[in-house]
Amino acid sequence: MAFESLGDKLKGVFNKLTGRGTLSEKDIKEAMRQVRLALLEADVNYKVTKEFVAKVSEKAMGAEVMKSLTPGQQVIKIVQEELTALMGGQHAKLTVASKLPTVIVLCGLQGAGKTTFAAKLGLYLKKQGKSPMLAACDTVRPAAVDQLKRLGEQTGLPVYSGGNDPVQIAKQAKKAAEDAMYDTLIVDTAGRLHIDEEMMGQIQGVCNAVKPTETLLVVDAMTGQDAVNIAKAFDQTVPLTGIVLTKLDGDARGGAALSMRAITGKPIKFAGTGEKIDNIEPFHPERMASRILGMGDVLTLIEKAQETFDLEQAAAMEQKLRRADFTLQDFLEQMQQVQKMGSPDELAAMLPGVSAKDIGDPEQAQKHLKRTEAIIYSMTPQERRRPEILNASRRKRIAAGSGVKVSDVNRMLNEFESIRKMIKQFTGNKRMKKRGFRGMKLPF
């Protein structure tokens, strides 16, 4: 999970600070030494680390912090603000062209995930109400065009391709987008295993031909400082307007994300957070800083929920909960909706005070969800509506049908009953209504 290693180290430092009523200059110096080590271990650029620690130290030594009632919390607040500033301060939105289509050229080294990101970005924009077209201008990598076409079919996005000259393909794609009134053209370009003049010349040619509104560099977050060096090299040749960090979910250290803006001056606009086609997030520095410090990211969680949950279904479920009429079918549907929002560890990162460790092994959590699905799918519609009729013989049949043990069926039914009882308490008790589901742990 992104920043997991760095986040754990910083939380350890700040736990010591918040446990004290007052802080001395020595306490803060020691804390900043630990922060510096944590950042360097996270592969954050040395110069960036040095400047960051200096800024935090200066503010943390201020009289308003040292004399406050909660100095430890004040220091954490300063660190959060400086982390946010380090990553760009505010979310940098995509620029929209005054004359459509908006052209977005993607560049980067081979293996960074440009082609997949092109489709992810197209799907993201499509969900935002845009009408994007993809252009297959990677004529170097074998099967790159076919890969983009497959992703286009998967996402319902049109793909323009044809020919061997990427500059001509880009020109023709822009004309096709104009003629068909697509408002966005996303251009996938060729990469290399390393930076060379031919690649740079090709990307320059494409940019000169289509005059992009955005030129985004796609880099693999897991390459750490190499990603920063790659960005610097590209920026010297191509008019970059922003950075995309792919595989951020696999980068437990986070050095690239924390160094990129300070070194290149270019904003991080998007992050790839998984292998699924919808695993893409706009990069919000403030939210990312909160995640690093274990404060969660409730706004992104809400956005994911709004994107995933069907409003009519949610309204119907609310009525069911009010009547305390919660069935196994409802249980199954709610689990599936939650699954669409992301993996258990991804969701844990967005909840304040919750870490991946709190939810255990993500693979085991995923297996648990799949097993529960299989058990409920092996039931008849009547059994899902009325679980009280599930006697021993029915449970044995369900276990055989879902490939699990009878004890697994019993365990799942006990979990369901616990949730149903909890819902009855919640809907029937005024005090519980006021308190909400706080402290009640769900099994998924």
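Nothing here was measured: the structure is a model prediction, and the numbers come from that model.

Chemist: Requested: an account of the sheet that holds strand β4 (residues 184-189), with residues and values cited.
Modeler: Read across the open sheet, the eight strands follow the order β3-β2-β4-β1-β5-β6-β7-β8; overall the sheet is mixed. Sheet topology places β3 (159-160) and β8 (280-282) at the edges, where each strand pairs with a single neighbour. Note that strand β7 (residues 268-272) and β8 share three bridges and pair antiparallel. Its bridge partner lying in β8, Gly 272 is registered against Ile 280.

Chemist: Now, about the environment of Thr 380: what can you tell me, with residues and values included?
Modeler: Among the structural elements, Thr 380 can be located in the loop between α17 (362-377) and α18 (381-385). The spacing of Thr 380 and Ile 398 is 18 residues in sequence and 9.3 Å in space, taken between C-alpha atoms.

Chemist: I'd like a rundown of the confidence of the model for the chain, residues and numbers included.
Modeler: Per-residue pLDDT for the chain averages 80, and the proportion of residues at 70 or more is 78%. Between residues 430-444, whose pLDDT stays under 50, and residues either more than four places distant or in other chains, the model counts 20 contacts.

Chemist: So what's going on with the packing of helix α2 (residues 25-41) against helix α3 (residues 46-60)? Which residues, and what values?
Modeler: Helix-helix packing is characterised by the crossing angle of the two axes and by the distance between the axes. Put simply, α2 and α3 touch, their axes get as near as 10 Å, and they point 155° apart. When the axis of α2 is compared with that of α3, the two are roughly antiparallel. In terms of crossing hand, the pair formed by α2 and α3 is right-handed. Touching Ile 28, Met 32, Val 35, Arg 36, Leu 39 and Leu 40 of α2 are Tyr 46, Thr 49, Phe 52, Val 53, Val 56, Ser 57 and Ala 60, all from α3. The residue makeup of the contact of α2 with α3, split by class, is ten nonpolar, two polar and one charged.

Chemist: Could you give an account of the environment of Leu 248, naming the residues involved and the relevant values?
Modeler: Topologically, Leu 248 is positioned in the loop between β6 (242-246) and α11 (255-264). Residue classification places Leu 248 among the buried positions, given a relative accessible area of 3%.

Chemist: Pulling in residues and values, what's your account of helix α10 (residues 225-235)?
Modeler: Within the sequence span of α10, burial applies to Gln 225, Ala 227, Val 228, Ile 230, Ala 231 and Phe 234. Close packing links the buried residues of α10 with β1 (102-107), α9 (197-210), β5 (214-220), β6 and α11.

Chemist: Report on unusual backbone geometry, specifying residues and quantitative values.
Modeler: Omega for the peptide link from Leu 100 to Pro 101 comes to 5°, which places this bond in the cis form. Tracing the chain through its elements places Pro 101 in the loop between α5 (71-86) and β1. The backbone of Met 181 sits at a positive phi, close to 60°, despite the residue not being glycine. Position of Met 181 relative to the elements: it lies in the loop between α8 (166-179) and β4. Owing to a relative accessible area of 71%, Met 181 belongs among the exposed residues under this scheme. Even without a glycine there, the phi angle at Lys 211 is positive, about 45°. Here Lys 211 shows up in the loop between α9 and β5. Relative accessible area serves as the criterion here: at 59%, Lys 211 is assigned to the exposed category.

Rules of the game
Here the residue numbering is sequential within each chain, running from 1 through the sequence in written order. Local features in this predicted model are restricted to residues whose pLDDT is 70 or higher, and side-chain atom pairs enter the listing and the counts only when it is 80 or higher, whereas totals over whole chains, interfaces and linings include all residues. Neither water nor hydrogens contribute to the side-chain values; these are computed over all heavy atoms in the structure. At least two bridges found by DSSP between two strands are what make those strands a pair. Strands here mean DSSP runs of E at least two residues long; helices mean DSSP runs of H or I at least four residues long; both are numbered from the N terminus. What pLDDT expresses is the predictor's confidence in each residue, scored from 0 to 100. In this description, contact between two residues means that some pair of their heavy atoms is separated by no more than 4.5 Å. Geometry is summarised by axes, namely lines fitted to C-alpha atoms with helices restricted to the contacting stretch, and by angles between N-to-C directions that run from 0 to 180 degrees. Any angle that is under 35 degrees is reported as roughly parallel, and any over 145 degrees as roughly antiparallel; angles of 65 to 115 degrees are reported as roughly perpendicular and all others as oblique. Left-handed describes a crossing whose near helix is turned anticlockwise from the far helix by less than a right angle; the clockwise case is right-handed. The classification used treats Ala, Val, Leu, Ile, Met, Phe, Trp, Tyr, Cys and Pro as nonpolar, Asp, Glu, Lys and Arg as charged, and all other residues, Gly among them, as polar. Buried, partly exposed and exposed residues are distinguished by accessible area as a fraction of the type maximum, computed with a 1.4 Å probe on protein chains only: under 20%, between the cut-offs, and over 50%, respectively.

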